[in-house]
Amino acid sequence: MQKQNLLDEKGKKGRVWYNSLAMDIRKFVRPNIVSLSAYEAREIPCRVKLDANESPYGFSEALLAVKSLKTNRYPDPEAKELRKLIAKDLRTRPENILQGNGSDELISYLITTFGGPVLYPVPTFSMYGIISQALGERSVGIPLDEEFDLDLKPMLSAIHKYRPKIIFLSSPNNPTGNCFSSEKILKILEASGSTSLVVVDEAYQAFAGNKSFVRLIDDSGNLLVMRTLSKVGLAALRVGFLITKKEIIREVNKIRLPFNLNSFSQAIACKALKNGKLLKQHVQSVIEERGILFRELSKIRQVTPFPSDANFILFRVKEPDRIYRDLLKMGVLLRNMNGAVAGCLRVTVGTKKENTIFLAALKRIMKGEAGAQ
Ligand code: PMP
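Residues numbered from 1 in each chain as written. Predicted model: local features only at pLDDT ≥ 70, side-chain atom pairs only at ≥ 80, totals over all residues. Heavy atoms only, no water.

J.: Outline the sheet that holds strand S12 (residues 312–316), supporting the account with residue identities and numerical values.
T.: Strand order in the open sheet formed by four strands is S11-S12-S15-S14, and the pairing between neighbours is antiparallel. Looking along the sheet, the strands with just one partner apiece sit at the ends: strand S11 (304–305) and strand S14 (335–336). Note that S12 and strand S15 (residues 344–348) share five bridges and pair antiparallel. Directly across from Arg-316, in S15, lies its bridge partner Cys-344. Each of S11, S12 and S15 touches helix H9 (residues 276–299); the most contacted strand, S12, lies at about 10° to it. (Pairing = 2+ DSSP bridges. Helix = DSSP H or I, 4+ residues; strand = E, 2+ residues; numbered from the N terminus. Contact = heavy atoms within 4.5 Å. Axes fitted to C-alpha atoms, helices over the stretch in contact; angles between N-to-C directions.)

Below is the structure:
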């Protein structure tokens, strides 16, 4: 460590300080954080962005809602209007809704409030594991079965063995795209009734028809449903919410940061939600395009797409890393899932034009006409 002298105002040597360049900052970091890698959320330049499960359609007219906002005032700490609108939409009550700065924040709040162990199937949304580790809680991942559905027997034995405080079930699941069998989720809810909270993460529910667990909230003591506006055209706002019993919300509210959802996001989200018809039209277009994209992918030799209830499709290819890179060279950005699901890439459903560009590029690569030259 290097010693240096600080000069006072008159240029005389003053206090001694130590040059921090020579110091290893990792010595100060908690052991569970040292081994953690940051969540990969880089902006990669591209022509067609199909990597982050965003909607291809935005709500620019909802931006008008911020015109009358007072920038000198804190946001409504209870997000009253937003919670009221969400509750109306879901046929529940505002006291059963808790707002988050994206559902990422809510995952963090839940693990902070209830602790671990945290149980989830794998592969699934990586933030359950990352946040558990960041908060120093044990996490347990149980592999899905070969159909990407919950493997009930090992899930139930893990509940018995580890007594998890929280179980996260992303249904539809990211990155596989399918909904888990409702019967299996119900069995997990039942088996863990007195030991665990079960969070059904319905981030992609809008694209899955009627399959939702919201209506079971009143009858189930340990069920929480998590939703987000990020996938339906409002990712910029960071609005997520939990639907659950008010007794559970009361506990999580103790650690929620007082102004966790800013005024701009609240106002724009309210405006967009009031235009429910447009929101539904956008979702419907994505569902239609998903069908076309799936059929077209199925026709390409050596490409195996998996059926999806979400706004993305997972597909298997022989050389995922090379194909990912070749697509990017042609301006098309996907998510390389090869680390989590062997041989797989994930494509978000875009506009018709974006999907056509992607399919044309993939076809050329698969025929050996483009890419790796
Ligand atoms: N849950 C799942 C299953 C997701 O895929 C994502 C986003 N990729 C989230 C939660 C986080 O969403 P938000 O933008 O609301 O933080």
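Additional details are given in the paragraphs that follow.
J.: Mind laying out H9, listing which residues take part and the relevant values?
T.: Taking 1.5 Å per residue as the helical rise, H9 with its 24 residues ought to reach 34 Å, and the 35 Å between its terminal C-alpha atoms agrees with that figure. For H9, the secondary structure elements touched by its buried residues are helix H8 (263–274), S11, S12, S15 and helix H11 (352–366). (Expected span 1.5 Å × (residues − 1).)

J.: Give a description of the side chain of Glu-202 that names residues and reports values.
T.: Locating Glu-202 in the fold gives a position in the loop between strand S8 (197–201) and strand S9 (223–228). Reaching out from Glu-202, the side chain makes a polar contact with the side chain of Arg-227 at a distance of 2.9 Å. The contact partners of Glu-202, leaving out residues within four places of it in the chain, are Ser-171, Lys-211, Ser-212, Phe-213, Val-214, Val-225, Met-226 and Arg-227. (Polar contact = N/O pair within 3.5 Å; in protein donor to acceptor, adjacent residues only side chain to side chain.)

J.: Could you give an account of the nonpolar core, with specific residues and numbers?
T.: Residues Leu-297, Phe-315 and Phe-358 are the most contacted members of the largest nonpolar core, which totals 83 residues. Sorting elements by how many residues they give to this core places H9 first, with six residues. Residues lining this core come from more than one domain, with at least three contributed by each of domain 1 (48–54 + 278–366) and domain 2 (62–274). Among the nonpolar cores identified, the runner-up in size contains 22 residues, and Val-118, Leu-197, Ile-249 and Val-252 belong to it. (Core = buried A, V, L, I, M, F, W, Y, C linked by side-chain atoms within 4.5 Å. Buried < 20%, exposed > 50% of the residue type's maximum accessible area, 1.4 Å probe, protein only. Domains from an automatic or database assignment.)

J.: Tell me about the site of the ligand, and please be specific about residues and values.
T.: Every one of the 13 residues lining the ligand counts as a neighbour, but Asp-201, Tyr-204, Thr-228, Ser-230 and Arg-238 are closest to it. Coverage of the ligand by the protein chains reaches 93% of its 400 Å² of free accessible surface. Ranked by the residues each element gives to the shell around the ligand, the list is headed by helix H3 (residues 102–114), at three residues. When its residues are assigned to classes, the shell around the ligand shows three nonpolar, six polar and four charged. (Near = heavy atom within 4 Å. Areas by Shrake-Rupley, 256 points an atom, 1.4 Å probe, with all protein chains shown as cover. Nonpolar A, V, L, I, M, F, W, Y, C, P; charged D, E, K, R; others polar.)

J.: Break down the pairing of strand S4 (residues 97–101) for me, citing the residues and quoting the values.
T.: Of all five residues in S4, four are buried; the element is thus mostly enclosed. Across five bridges, the pairing between S4 and strand S10 (residues 239–243) is antiparallel. Each residue of the ladder has a partner; that of Ile-97, found in S10, is Ile-243.

J.: Kindly report on unusual backbone geometry, identifying the contributing residues and their values.
T.: In this chain, Gly-116 is followed by Pro-117 through a cis amide linkage whose omega measures 0°. Of note, Pro-117 is situated in the loop between H3 and strand S5 (118–122). Cis peptide bonds are those with omega within 30 degrees of zero, and the linkage from Val-122 to Pro-123 qualifies with 0°. Within the chain, Gln-302 stands out as a residue other than glycine whose phi angle is a positive 65°. One can find Gln-302 in the loop between H9 and S11.

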